[in-house]
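# Structural overview
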Amino acid sequence: MTSSEFVEVVTNIILAGNAHAYSLGSASVRSLVEAKVGAVEITPAVATPHHLDNARIQTALTTVMASELDTLMQVQRIADNEPKQAAADGSGDVLAASERVTGWTRALDSKACELCQWLYKDGYVYPADRPMTRHTGCVCSQDPVVA
């Protein structure tokens, strides 16, 4: 397999993962809202062009392949973080579009880093349309606050 064939195959895998992760992120937040309000939450969410940007992923992977650094580690980091970001964006898009959601709090992972713990701010309620700040590898999530 040539380097360009590798980049194409891995790009397609990442893009498929992004589409699924976006859908799962939006579905999981919908179910949280439904559980909190006791009613069906109909908030359509469609992955943005950013998550399905073939050229962006190909450029990143081509850069990694040309690097002298640890190629496997860098490819794994891209493949790991891309769907996490897509899932977080899917969650955020549903929160922003929902008429029942007034805001969200940061739900911390059990191994949350110092930055995430600071962003938690003792359960501070962020506006529903504010995107969640995240870093590479972040697995925190948004917990909806409903009216």
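Now for a look at the structure at hand.

So, how was this worked out
Per chain, residue numbering runs from 1 following the sequence as it is written. Only residues with pLDDT of at least 70 get local features here, since the model is predicted, and only at 80 or more are side-chain atom pairs given and counted; chain-wide, interface and lining totals rely on the full set of residues. With hydrogens and water set aside, each side-chain value is computed from the structure's full complement of heavy atoms. For helices the rule is a DSSP run of H or I covering at least 4 residues; for strands it is a run of E covering at least 2, with both sets numbered from the N terminus onward. Residue burial is assigned from relative accessible area. The probe radius is 1.4 Å, only protein chains are included, and a residue is buried under 20% of its type maximum, exposed over 50%, and partly exposed in between. Any two residues whose heavy atoms approach within 4.5 Å at even a single point are treated as in contact. Patch building starts from residues that exceed 30% relative accessible area and form no salt bridge, then joins like charges within 9 Å and nonpolar side chains (Val, Leu, Ile, Met, Phe, Trp, Tyr) within 5 Å. Using the Shrake-Rupley algorithm and a 1.4 Å probe, accessible areas are obtained, with residue cover drawn only from the displayed protein chains. By salt bridge we mean one thing: a side-chain nitrogen of Lys or Arg within 4 Å of a carboxyl oxygen of Asp or Glu.

## Observations concerning the overall build of the chain
Regarding its fold elements, the chain presents four helices and three strands. Each helix and strand of the chain, ordered N terminal to C terminal, gives the series α-α-α-β-α-β-β. C-alpha extents for the chain along the principal axes are approximately 55 × 35 × 20 Å. In the chain, which comprises 147 residues, the share counted as buried stands at 33%.

## Quick notes on the environment of Ala-96
Counting through the fold element by element, Ala-96 comes out in helix α3 (residues 71-97). A residue is classified by how much of its surface remains accessible, and Ala-96, at 42% relative accessible area, is partly exposed. C-alpha of Ala-96 to C-alpha of Tyr-22: the two residues are 74 residues apart in sequence and 15 Å apart in space. Among residues more than four places away in sequence, those in contact with Ala-96 are Ala-128 and Asp-129.

## Looking at a nonpolar patch on the surface
A contiguous nonpolar patch, built from Met-1, Val-9 and Ile-13 and spanning about 340 Å² of accessible area, is present on the exposed surface. Along the polypeptide, Ile-13 turns up in helix α1 (residues 3-37).

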